[in-house]
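Understanding the architecture of this molecule
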Amino acid sequence: MLTRDKAADLFNRVKRYSSADEVEVLCCGGKSALTRFANNIIHQNVAEENYSLSVRTGFDGRTARATTNKLDEESLKRVVQASESLARVQHPDPDLLPMPDAGEGARATRAFPSRYFAQTAALTPELRADSVNRIVGVATRHKLTTAGIFSSAEWVEGIFNSRGLTGWHTHTSSEVSITMLAGDSSGWQKANYPDVSQQDPAGLAEIAACKALDSASPRELQPGKYTVILEPAAVLDMVGFMFFEFGGLSILDQRSFLNNRVAKQIFGPTINVWDDAAHPLQAGAWFDGEGTPRQRVHLVENGVVKRLVYARATAQKMRQSEHADKVGPVMATGHGFSLPNEMGEAPINIVFGTPEDPKTVDQMVASTERGVLVTRLWYIREVDPYEKILTGMTRDGTFYVEGGKVRHGLLNFRFNESLLHMLSSVEAMGTPVRASGEESFDMVVPPMKVRDFNFTEVTKF
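Computed from a predicted model, the values in this text were never measured in an experiment.

Procedures and definitions
Residues numbered from 1 in each chain as written. Predicted model: local features only at pLDDT ≥ 70, side-chain atom pairs only at ≥ 80, totals over all residues. Heavy atoms only, no water. Salt bridge = Lys/Arg side-chain N within 4 Å of Asp/Glu carboxyl O. Helix = DSSP H or I, 4+ residues; strand = E, 2+ residues; numbered from the N terminus. Buried < 20%, exposed > 50% of the residue type's maximum accessible area, 1.4 Å probe, protein only. Disulfide = S-S within 2.5 Å. Core = buried A, V, L, I, M, F, W, Y, C linked by side-chain atoms within 4.5 Å. Contact = heavy atoms within 4.5 Å. Pairing = 2+ DSSP bridges. Axes fitted to C-alpha atoms, helices over the stretch in contact; angles between N-to-C directions. Parallel < 35°, antiparallel > 145°, perpendicular 65-115°, else oblique. Left-handed = near helix turned anticlockwise from the far one by under 90°.

A few words now on the pattern of salt bridges. If you walk through the whole model with that rule in mind, you get 22 salt bridges. Two residues, Arg312 and Glu290, come together in a salt bridge whose shortest N-O distance is 3.0 Å. One end of the pair, Arg312, is in helix α9 (residues 312-319); the other, Glu290, is in the loop between β8 (273-275) and β9 (297-301), and 22 residues separate them in sequence. Judged by relative accessible area, Glu290 falls into the buried class, the value being 4%. Between Arg434 and Asp442 there is a salt bridge whose closest N-O contact spans 3.3 Å. Note on accessibility: Arg434 and Asp442 belong to one class, buried. Salt bridges linked by common partners bring Asp9, Arg13 and Glu73 together as one network.

Right under this line is the structure:
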């Protein structure tokens, strides 16, 4: 693995080759491996080790970046030359700030849990195959066919600049995704953790198998507005479509659904959301793309959007704008992407608050006279950016609920639903958990019971 000392040495060599006013180096990479299975057998095992070095140089308000994954001396010289050549032909950027110094970003301002676990880094193909064998055993016992992946990785992220800033982060990850297939139904489960000891592949397989069996011979339910119970993966893939617009630059660019809505109640009073990279169920580095420490930010308080997140330059620009007194506190929060970029910043460590009276999915089902239980959603696309109307489909376990019980499987639906309406129509929530989906990044989100969820079409499967 690339160590902090080796990365610092690479930075010092890059700095010697540069004639720029300022130099920044981002290092990232590591080891990753994946075991893929289908039709109840392993059919692929791959492993990779790769590191990239990304060099940003600056000359009098001009900046550019060049990246390489070759770390020999000649390649270091070439990547510096490429960055400098690009920077010199840029137009000066009046919003570009000097790179942060050690005082602005040298260390985390609060305690962050370790995200590196030796047992995850030590996973071998044999250990992953053993877990897959248990997954296949579940499928075989239930006379199902299974497919999915078990992947693992150990990664490093580092930042160094010529003003003395340094930041270093190591982490591991383990991911299991399982689909169980029956003749006319399917079930699915997925989990991602830095610590592989939290994984329960056989347990996930049992849940996925039960969903496939219980949704067999699905029946058609006419489209319309129904009470829905969304499991955490379904919640995650819906709400993920709004958080890239909680950045200050999206407000300044007038491309956010939050324009003219900050400090207003746009969700239900039970909705509380933080961005918190230090949360024990979260993952990721303690610094952003410029090396600024990530702050905990209360984005939504009792349904009211209270705060936005900012990169350094966006915060300065916002303070000088017409929006300054309309968007809550304005300060660099450590949520910027590496420069140059057109996105600015975004919260990527989302944590929903625990409601006063959390309900389990079973309790939500028991309190529902007529509704639909949804395992997950897929193929989600945005229809109306400002009202945050999304369309997509249910998948891998959709069930009819009547009289407080799950009655049978359903043919899948297409939906058209506004996130503003959905998060204003929550009747019950559960305890937030670390969840994984397919359309968005991992978050800490609860299951939700939502009234009047709009299903527009029924599929044939």
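Moving on from the model shown.
Turning to the state of the cysteines, a few remarks are in order. With the rule as written, the count across this model stands at 0 disulfides. Among the cysteines around Cys27, which has no disulfide bond, Cys28 carries the closest sulfur, lying 7.9 Å off. Classification of Cys28 by relative accessible area gives partly exposed; the value is 36%.

Counting residues in each nonpolar core, the largest one holds 57 residues, and the members touching the most others are Val239, Phe243, Phe267, Ile271, Met422 and Met448. Setting aside residues no more than four positions away along its own chain, Met448 makes contact with Val228, Ile229, Leu230, Val235, Ile271, Phe352, Met364, Met422, Leu423, Val426, Ala428 and Met429.

On to helix α7 (residues 232-239), then. Across the 8 residues of α7, 8 count as buried, placing the element largely inside the fold. Those residues of α7 lying buried are Pro232, Ala233, Ala234, Val235, Leu236, Asp237, Met238 and Val239.

Quick look at the sheet that holds strand β4 (residues 145-161) now. Strands sit in the order β3-β2-β1-β4-β5-β6 across an open sheet of 6 strands; the sheet is antiparallel. In this open sheet, the two strands that pair with only one neighbour each are β3 (62-68) and β6 (186-193). Each strand axis lies, on average, 15 degrees off the axis of its neighbour in the sheet, ignoring direction. Across the sheet, helix α6 (residues 201-214) touches β5 (166-181) and β6, and the angle it forms with β6 is around 155 degrees.

Another aspect to go through is the packing of helix α5 (residues 125-141) against α6. Taken N-terminus to C-terminus, the directions of α5 and α6 make an angle of 25 degrees; their axes are 8 Å apart at the nearest point. One finds that α5 runs roughly parallel with respect to α6. Helix-helix and strand crossings are classified by hand; for α5 and α6 the assignment is right-handed. Contact with α5, carried on its side by Ser131, Arg134, Ile135, Val138 and Arg141, involves Pro201, Ala202, Ala205, Glu206 and Ala209 of α6 and no other residues of that element.

Mapped onto the fold, Tyr386 is located in the loop between β12 (370-384) and β13 (389-402). Taking relative accessible area as the criterion, Tyr386 reaches 34% and is therefore assigned partly exposed. Linking Tyr386 and Asp452, residues 66 residues apart in sequence, is a C-alpha distance of 20 Å. Discounting chain neighbours no more than four positions away, the residues touching Tyr386 are Ser256, Phe257, Asn259, Asn260, Arg261 and Leu420.

Relative to strand β2 (residues 41-59), strand β1 (residues 22-38) is paired through 17 bridges, and the arrangement is antiparallel. Looking across to β2, one finds that Glu22 is bridged to Gly58. In textbook terms, the turn of a hairpin is the stretch between consecutive antiparallel strands, and for β1 and β2 this stretch comprises 2 residues, one of which, Asn39, has a positive phi near 50 degrees. Sheet analysis places β2 next to β3, joined by 7 bridges and oriented antiparallel. Within the sheet, the bridge partner assigned to Leu53 lies in β3 and is Thr68. Counted along the chain from β2 to the antiparallel partner β3, the turn is 2 residues long, and its residue Asp60 has a positive phi close to 50 degrees.

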